[in-house]
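A look at the structure
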Amino acid sequence: MPAMDIYGIDFSSAPTARKPVVVAHGRLEGARATLLRIDSLPTLDAFGQWLHTPGPWVGGFDLPFGLPRELVEALDWPREWAPLMQHYATLSRAQIRETFAAFCNARPVGGKFAHRAVDRPAGSSPSMKWVNPPVAYMLHAGVPLLVQAGVHLPGHQVAAADAQAAPRVALEAYPGLLARELIGSRSYKSDERAKHTPERLIARKDIVEALEQGRSRLGLRLKLSHAQRDALAADGSGDRLDAVLCMLQAAWASRQPDWGLPADFDPVEGWIVSVSPAPSQAVAAPAPSPRCTRAALAKA
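These remarks concern the structure in this document.

Parameters and conventions
Numbering of residues starts from 1 in each chain and follows the order in which that chain's sequence is written. Residue-level local features of this predicted model are given only where pLDDT is at least 70; pairs of side-chain atoms are given and counted only at 80 or more, and the full residue set underlies all totals for whole chains, interfaces and linings. To get the side-chain values, take all heavy atoms of the structure and skip hydrogens and water. Two kinds of site are reported from a 1 Å grid over the protein atoms alone, namely cavities, where a 1.4 Å probe fits but cannot get out, and pockets, open sets with protein on both sides within 12 Å along at least five of seven lines, and residues are called lining when an atom falls within 4 Å of a point. Grid points are joined across faces, edges and corners, and a volume is the space filled by probe spheres set on the points. Helix numbering and strand numbering both begin at the N terminus, where a helix is a DSSP run of H or I of at least 4 residues and a strand a DSSP run of E of at least 2. We call Asp, Glu, Lys and Arg charged. Ala, Val, Leu, Ile, Met, Phe, Trp, Tyr, Cys and Pro are nonpolar, and the rest, Gly among them, are polar. We define the nonpolar core as a collection of buried residues of types Ala, Val, Leu, Ile, Met, Phe, Trp, Tyr and Cys that are connected through side-chain atoms lying within 4.5 Å of one another. Whether a residue is buried, partly exposed or exposed follows from its accessible area with a 1.4 Å probe, protein chains only, as a fraction of its type maximum: under 20%, in between, or over 50%, in that order. Should any heavy atoms of two residues lie within 4.5 Å, those residues are counted as being in contact. Salt-bridge detection follows one rule: a side-chain nitrogen of Lys or Arg within 4 Å of a carboxyl oxygen of Asp or Glu. Here a Phe, Tyr or Trp ring, Trp counted by its six-membered ring, pairs with any other such ring whose centre lies within 6.5 Å, and the pair is stacked when the planes are under 30 degrees apart, edge-to-face when over 60, and tilted otherwise. Inter-axis angles, ranging from 0 to 180 degrees, are taken between N-to-C directions of lines fitted to C-alpha atoms, where helices are fitted over the stretch in contact. Each angle is binned into one of four classes, with values under 35 degrees roughly parallel, values over 145 roughly antiparallel, values of 65 to 115 roughly perpendicular, and all other values oblique. Left-handed describes a crossing whose near helix is turned anticlockwise from the far helix by less than a right angle; the clockwise case is right-handed.

Here the focus is the layout of surface pockets. The volume enclosed by the largest pocket comes to roughly 1000 Å³. In terms of lining, the largest pocket is formed by 39 residues, of which the most central are D62, P133, K189, D191 and D242. Elements represented by at least two residues in the lining of the largest pocket include exactly α6 (135-148), α7 (175-183) and α10 (239-254). Classifying every residue of the lining of the largest pocket gives 15 nonpolar, 12 polar and 12 charged. Partitioning the lining of the second largest pocket into residue classes produces one nonpolar, three polar and six charged.

Residues I207, L211, V244 and L248 are the most contacted members of the largest nonpolar core, which totals 50 residues. Elements with a contribution of two residues or more to this core: β1 (4-10), β2 (21-29), β3 (32-41), β5 (168-172), α7, α8 (198-213) and α10. The biggest single contributor to this core is α10, with 11 residues. F47, F103, C104 and M128 belong to the second largest nonpolar core, which has 44 residues in total.

Checked against the element boundaries, V244 lands in helix α10. Along the primary structure V244 and P175 are separated by 69 residues, whereas in three dimensions their C-alpha atoms are 8.3 Å apart. Here V244 is in contact with A24, L35, I38, L222 and L232, once residues within four sequence places are set aside.

The next subject is the pattern of salt bridges. Using the criterion set out here, one finds 16 salt bridges in the structure. Across the pair D39 and R37 runs a salt bridge whose closest N-O atoms are separated by 3.0 Å. The partner of R69 in a salt bridge is D266, with the nearest N and O atoms 2.7 Å apart. Of the two residues, R69 is situated in helix α2 (residues 69-74) and D266 in the loop between α10 and α11 (294-299); the sequence distance between them amounts to 197 residues. Here the two residues R69 and D266 agree in accessibility, since each one is buried. One network of salt bridges, in which partners are shared, links K19, D191 and D239.

Aromatic rings considered in pairs are described by the distance between their centres and by the relative angle of their planes. Enumeration over the complete set of coordinates arrives at 12 aromatic pairs. Taking 5.4 Å as the distance between ring centres and 35 degrees as the angle between the ring planes, the aromatic pair formed by W50 and W57 counts as tilted. Here W50 falls in the buried class, since its relative accessible area comes to 10%. Look at W57 and you get buried, because its relative accessible area is 0%.

Contact pair α8 / α10: the axes reach a minimum separation of 12 Å and the direction vectors enclose 25 degrees. In terms of their interaxial angle, α8 and α10 are classed as roughly parallel. By crossing handedness, the relation of α8 to α10 is classed as left-handed. Residues R204, I207, V208 and L211 of α8 touch α10, and the partners they reach there are L241, L245 and L248.

As structure tokens, then:
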């Protein structure tokens, strides 16, 4: 297979110089993913500009691309992804918080949030959650920028016939999924400097070592320089390491038929790449939109 530029994006809905959007840029050749560099984007404008980086490339983005179908139907919002995202983008964060809080308040304890089919097998937060972490705001801030930049979101959008529209591909990623595979439930990061403990440092080193040795079901080996290895371990926030984990998920997806997305992909909800569907969580969904293929990407 031809070499491919791959990216991993640790996203923030309100980036700053202290807490930027972090982008890991790598190159996939066979089963080896080489980390080339890590960039920090301090504003959403900078992120929007970065999305125009010429392709072909495949990126894993740590933000949800869809909402729970149960929530969408309960609120009587558009049932198709593009109109749904257009409607969602018109809302303010206060309106999102108030709408979702009202939905949760009307539900019993233990079932406040609606979940996507992917949430439980991935162990991810529901995409309607507005605090700790505020993934609902991440969707609100990030997806419109992806759409405006003309980046292709497989399954959510009809693949353009024009090959020039296919080279930049965005997939939903979740670094916690891969991290848990490698170190179990051990904590490896915190945004609070006081919690940058030796135990978390050791956990980050263990993740990096496992990635370099290819000890994951992704079947990929991460290639790093000594300086990169030290930098990933030293970042107590885990943002740099999360970006690399997303990059590897994107690398895995770039080698899979239909980007590794399930056959019953629901465009309204989306899916996190490299998550295996749980049979009990499978849901019937509308026929997926046509997707751009790896062959089209390689030819672009």
